[in-house]
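# Architecture and fold: a report
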Amino acid sequence: QVQLVESGGGLVQAGGSLRLSCAASGSIFSINAMSWYRQAPGKQRELVAVKTVGGSTNYADSVKGRFTISRDNAKNTVYLQMNSLTPEDTAVYYCNVLFTKLGYRGTYDTWGQGTQVTVSS
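Below is a summary of the structure that appears in this document. (Residues numbered from 1 in each chain as written. Predicted model: local features only at pLDDT ≥ 70, side-chain atom pairs only at ≥ 80, totals over all residues. Heavy atoms only, no water.)

## Structural notes on the packing of aromatic side chains
Here is the rule: Side-chain rings of Phe, Tyr and Trp, where Trp is taken by its six-membered ring, are said to pair if the distance between their centres is within 6.5 Å; with planes under 30 degrees apart they count as stacked, over 60 as edge-to-face, and otherwise as tilted. A ring is scored as having a charge over it whenever the NZ atom of a lysine or the CZ atom of an arginine sits within 6 Å of its centre and within 35 degrees of its normal.
Tallied over the entire structure, the rule returns 3 aromatic pairs. Each residue in the set Y37, Y94 and W111 is aromatic and connected to the rest through ring pairs, giving one cluster. Sitting over the face of the ring of W111, R45 holds its NZ or CZ atom 4.7 Å from the ring centroid. Across the ring face of Y104, the terminal group of K101 is positioned such that the distance to the ring centre comes to 6.0 Å.

## Examining unusual backbone geometry
Under the convention used in this document: Elements are defined by DSSP. Helices are runs of H or I of four residues or more, strands are runs of E of two residues or more, and each kind is numbered from the N terminus.
Of note in the backbone geometry, N76 takes a positive phi value of approximately 50° without being a glycine. Structurally, the position occupied by N76 is in the loop between β7 (67-72) and β8 (77-82).

## A short note on the pattern of salt bridges
The condition that has to hold: Salt bridge, as used here: a side-chain nitrogen of Lys or Arg that lies within 4 Å of a carboxyl oxygen of Asp or Glu. We call a residue buried when its accessible area falls under 20% of the maximum for its residue type, exposed when it is over 50%, and partly exposed in between, using a 1.4 Å probe and counting protein chains only.
This structure, assessed with the given rule, holds 4 salt bridges. A salt bridge links D61 to K64, with the nearest nitrogen and oxygen atoms 3.2 Å apart. Note on D61: relative accessible area 65%, which makes it exposed. Notably, a salt bridge pairs R66 with D89, separated by 2.7 Å at the nearest N-O pair. You can see R66 sitting in the loop between β6 (57-59) and β7 and its partner D89 sitting in the loop between β8 and β9 (91-100), a full 23 residues away along the chain.

## So, the environment of R105
Following the sequence through the fold, R105 ends up in the loop between β9 and β10 (108-111). Remark: the alpha-carbon pair of R105 and V5, spanning 100 residues in sequence, is separated by 25 Å.

## A look at the nonpolar core
The criterion, for reference: We define the nonpolar core as a collection of buried residues of types Ala, Val, Leu, Ile, Met, Phe, Trp, Tyr and Cys that are connected through side-chain atoms lying within 4.5 Å of one another. Residues count as neighbours in contact if any of their non-hydrogen atoms are within 4.5 Å of one another.
Core analysis: the largest hydrophobic core is formed by 28 residues, its most contacted members being W36, V48, F67, L80, M82 and Y93. Elements supplying a minimum of two residues to this core: β3 (18-25), β4 (30-39), β5 (46-52), β7, β8, β9 and β11 (115-120). Take this core: its biggest share by element is 5 residues, from β9. With residues near it in sequence (within four places) discarded, Y93 still touches E6, L20, W36, Y37, R38, V48, F67, L80, M82, G114, T115 and V117.

If you want it as structure tokens, here you go:
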């Protein structure tokens, strides 16, 4: 079983910063991508940032220039550095890992438990 453990959420004032982390463990053969999503109350879950196995990154337009996704392959951990936070960033943030299993076709994914980020004005 693959497990993702998130940490780093909390309450911060507008303009502040937080760094989220997500550590993966379990029966992973290889990781294709690690991503961050967020979901605000009453809103659809949206992709925030993704880093592929090749090292490429993609960001939602709303966070470009403010958020940075990084990965420590040795630790199977992905980070999301969030700067210049605004109240619009308030959401539950979830990490997602896209991976393969040894001896199996296709890819699988699993989610972290979510961590609350609240930005006050």
